[in-house]
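# Report on the structure
Listed below are the residues making up each chain.
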Amino acid sequence: MSNFFIDLPKIELHAHLNASLSEDTVKALISQTENFGIPQDETFIGKESTRTFKNSFEMFKLTQRLTSTYEAVKFATKAVIGEFAADGVCYLELRSTPRSNKNTGLTKKLYVDAVLEAIQEFSEEHLDLIEVRYLLSIDRRLGVVEAEDTLNLAVEYQALPDSRVLGIDFSGDATVGDARDYIHIFEKAKDSGLKLAIHMAEVRGLDEESLALLSLPPNRIGHGTFLHENEKCKELILKNKIPLETCLTSNVKCETVPSTSRKHHHLYKWNDMGHPVIVCTDGKGAFDTTLSQEYQIAASECGMSRNETFEFSRAAIDHVFAADDVKSMLQTKWNQWRNLNLHYFTE
Ligand code: IMP
Ligand code: ZN
């Protein structure tokens, strides 16, 4: 891959922790934990392979078993941050579902502590390399009571001084449950100042729940694979300028989109309308990709020049959940990088 895409400063806004574990991290966790019997080649979807949408959730369960202690969650988080930084990511919003485990004594609160401690330690050890924030995930398979519990945790942590908890992610198997049951939770989250990143329309036939979710409105949409097919949804998205987090390889590997090409993927449909789309990985480990690879695919399909690709990655700054001082810092970083790398734009 061209160094340009790796060197290019990038923003990752849609990365699930336990879908982001690299092969090395999975191996290290297998050797550190007592979760033996986890076949390593079942924790990712290799080159040229796909799984059905439903089946990919079985894969996440395996990696989640590997992060069932405070130490393992912390180790995995630090490893994932380091790998994103090595791929040129300057700002990362990591999302993960806080989980408890009776056998190890892990609680949901300890899970959040482990993620935050990893972020803190990494930032102390690698000053100014990468800014990391955390979105607490609500898994739609786990029901409303569990979701309320996660919301309360998010509210509690967000209120702490200099908190890195910025919002809520709504994810999990889109074919399970009804997102409308969770609307009151999202309203409470918004009232508390938490931002909302909501997975929507990953499969067809979810128009009614999508319309209800869009009426909130969320701050960002995860995937939104079939939203352009519904005029009312499209209207609400355009009117409220809700950015889409798009994950090319993930959608193909989960068999919800036939290919990453212009012909098939919704990223290009929204981009052609001048609507904000942000290139993301979803799970660089599970889907065997990197953010630089995703940028390369998008840039090549759109026929973007290096300058256009640079501005495309810069445009994501507007959609981070962090405050304006962080956005200004990121703008400065982009300007400095360009000045130091002019050769990329003249060769
Ligand atoms: P974790 O929240 O860090 O444990 O990451 C794994 C979880 O992310 C899975 O159990 C799902 O809930 C969620 N996830 C990962 N990829 C997708 C996706 O494509 N759609 C919906 N949920 C997803
Ligand atoms: Zn996702």
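Residues numbered from 1 in each chain as written. Chains lettered and ligands numbered in written order. Predicted model: local features only at pLDDT ≥ 70, side-chain atom pairs only at ≥ 80, totals over all residues. Heavy atoms only, no water.

## Remarks on the packing of helix 5 (residues 108-125) against helix 6 (residues 143-158)
This is how the line gets drawn: Here the axes come from fitting lines to C-alpha atoms, over the contacting stretch only for helices, and the angles between their N-to-C directions go from 0 to 180 degrees. In DSSP terms, a helix is any run of H or I states spanning at least four residues, a strand is any run of E spanning at least two, and both are numbered starting from the N terminus. Each angle is binned into one of four classes, with values under 35 degrees roughly parallel, values over 145 roughly antiparallel, values of 65 to 115 roughly perpendicular, and all other values oblique. Should the near helix be turned counterclockwise from the far one by less than a right angle, the crossing is left-handed, whereas a clockwise turn marks it as right-handed. Whether two residues touch is decided by their heavy atoms; if any such pair falls within 4.5 Å, the residues are in contact. Any residue that is not Ala, Val, Leu, Ile, Met, Phe, Trp, Tyr, Cys, Pro, Asp, Glu, Lys or Arg is counted as polar, Gly included; the first ten are nonpolar and the last four charged.
At a minimum axis distance of 11 Å, the contact between helix 5 and helix 6 shows a crossing angle of 45°. Judged by the inter-axis angle, helix 5 sits oblique to helix 6. Note that helix 5 runs across helix 6; the crossing there is right-handed. Together, K108, K109, V112, D113 and L116 of helix 5 and E146, D149, T150, L153, E156 and Y157 of helix 6 make up the contact between the two elements. Along the lines of polarity and charge, the residues of the contact of helix 5 with helix 6 split into four nonpolar, one polar and six charged.

## Remarks on the sheet that holds strand 7 (residues 244-246)
Condition: Pairs of strands are assigned from DSSP output, requiring at least two bridges between the strands.
Across the sheet, which stays open at both edges, the eight strands sit in the order 1-2-3-4-5-6-7-8 with parallel pairing between neighbours. The sheet is open, and its two borders are formed by strand 1 (10-16) and strand 8 (277-279), each paired with just one other strand. The sheet shows a mean angle of 25° between the axes of neighbouring strands, taken without regard to direction. With four bridges connecting them, strand 5 (residues 195-200) and strand 6 (residues 220-223) associate as parallel partners. Residue I198 lies in a different strand from strand 6, and its bridge partner there is I221. Contacts from helix 14 (residues 324-340) reach strand 1, strand 2 (89-96) and strand 3 (131-139) within the one sheet, and its direction differs from that of strand 2 by about 140°.

## Focus on the coordination of the zinc ion (ligand 2)
Our working rule: Metal sites are built from N, O and S donor atoms within 2.8 Å, or 3.2 Å for Na, K and Ca, and they leave out water, so they may look incomplete. Think of it this way: with four donors and all angles in the 85 to 135 degree range, the site is tetrahedral; with four or six donors, opposite ones beyond 155 degrees and the rest between 65 and 115, it is square planar or octahedral; otherwise it is irregular. With a 1.4 Å probe rolled over the protein chains alone, any residue whose accessible area is under 20% of its type maximum counts as buried; one over 50% counts as exposed, and the rest are partly exposed.
Around the zinc ion (ligand 2), the protein supplies H14 (NE2), H16 (NE2), H199 (NE2) and D282 (OD) as donor atoms, at distances of 2.1 to 2.2 Å. Around the zinc ion (ligand 2) sit four donor atoms; with metal-centred angles ranging over 80 to 167°, the donor geometry is irregular. Classification of H14 as buried rests on a relative accessible area of 0%. The buried category is assigned to H16, whose relative accessible area is 17%.

## Description of the site of ligand 1
Under the convention used in this document: Any residue with a non-hydrogen atom lying within 4 Å of a molecule or strand is treated as near it. Between N or O atoms, a polar contact is any pair within 3.5 Å; within protein, one atom must be a potential hydrogen donor and the other a potential acceptor, and residues adjacent in sequence are included only when both atoms are from side chains. Where accessible areas are quoted, they stem from the Shrake-Rupley method and a 1.4 Å probe; at the residue level, only the protein chains shown are allowed to cover.
Looking at ligand 1, there are 17 residues lining it, with N18, Q64, S96, T97 and E202 nearest. At 3.4 Å, a backbone N or O of L17 approaches an oxygen atom of ligand 1. Interatomic distance of 2.8 Å between a side-chain N/O atom of N18 and an oxygen atom of ligand 1. Its free accessible area being 480 Å², ligand 1 has 100% of it covered by the protein chains. Secondary structure elements with two or more residues in the shell around ligand 1: helix 3 (53-66) and strand 2.

## Section: the confidence of the model for the protein
The line we're drawing: Think of pLDDT as the predictor's per-residue confidence, scored from 0 to 100.
With 98% of its residues at a pLDDT of 70 or more, the protein has an overall mean of 95. Taking the mean pLDDT of every element in the protein, the minimum, 86, falls on helix 3 and the maximum, 99, on strand 1.

## Digging into the side chain of H319
Position of H319 among the secondary structure elements: in the loop between helix 13 (306-315) and helix 14. Overall, the relative accessible area of 18% leaves H319 in the buried class. Setting aside residues up to four positions removed in sequence, H319 forms contacts with L13, R220, P243, P276 and I278.

## Focus on the environment of V80
Tracing the sequence through the fold places V80 in helix 4 (residues 70-86). The sequence separation of V80 and E208 amounts to 128 residues, and the corresponding C-alpha distance is 36 Å. When sequence neighbours within four positions are dropped, the list of residues in contact with V80 reads L17, S20, L21, L94 and K284.

## So, the pattern of salt bridges
Put simply, the test is: Each salt bridge in this description consists of a side-chain nitrogen of Lys or Arg and a carboxyl oxygen of Asp or Glu lying within 4 Å of one another.
A complete count under the given rule lists 23 salt bridges for this structure. Between E23 and K27 there is a salt bridge; the shortest N-O distance is 3.7 Å. A residue pair is termed a helical-turn pair when its members lie 3 or 4 positions apart in one helix, as E23 and K27 do in helix 2 (residues 23-32) at four residues. Assessed through its relative accessible area of 42%, E23 is described here as partly exposed. A relative accessible area of 43% places K27 in the partly exposed class. The partner of R262 in a salt bridge is D272, and the shortest N-O contact between them spans 2.4 Å. On the criterion of sequence distance, the pair formed by R262 in the loop between helix 10 (248-253) and helix 11 (266-272) and D272 in helix 11 is long-range, its members being ten residues apart. Here the residues in one salt-bridge network are K74, K78, E117, E121 and E125, joined through shared partners.

## Some points on helix 14
Worth spelling out the cut-off: To estimate the expected span of a helix, count its residues, drop one, and scale the result by 1.5 Å. The directions considered for the arc are those from the helix axis to the C-beta atoms.
Helix length check: helix 14 (17 residues) gives 24 Å between terminal C-alpha atoms against 24 Å at 1.5 Å per residue, within 8%. Turning to helix 14, its buried residues are V326, L330, W334 and W337. Buried residues of helix 14, viewed axially, fall in a sector of 85°; they line one side. In helix 14, the exposed positions angled more than 90 degrees off the buried face are occupied by D324, D325 and N339. Of the surrounding elements, those touching the buried residues of helix 14 are helix 1 (3-7), strand 1, strand 2, strand 3, helix 13 and helix 15 (343-346).

## As for the packing of aromatic side chains
As a reminder, the rule being used: Here is the rule: rings of Phe, Tyr and Trp (six-membered ring for Trp) pair when centre to centre is within 6.5 Å. Planes less than 30 degrees apart are stacked, more than 60 are edge-to-face, and the remainder are tilted. Definition used: whenever NZ (Lys) or CZ (Arg) falls within 6 Å of the ring centre and also within 35 degrees of the ring normal, the charge is taken to sit over that ring.
Inspection of the entire model under this criterion finds 15 aromatic pairs. Between Y182 and F186, the aromatic rings sit 6.5 Å apart at their centres with planes inclined by 20°, giving stacked as the arrangement. Comparing Y182 with F186, the two get one shared label, buried. A cation sits over an aromatic face here: R220 above F321, 3.8 Å from the ring centre. Sitting over the face of the ring of F310, R338 holds its NZ or CZ atom 5.5 Å from the ring centroid.

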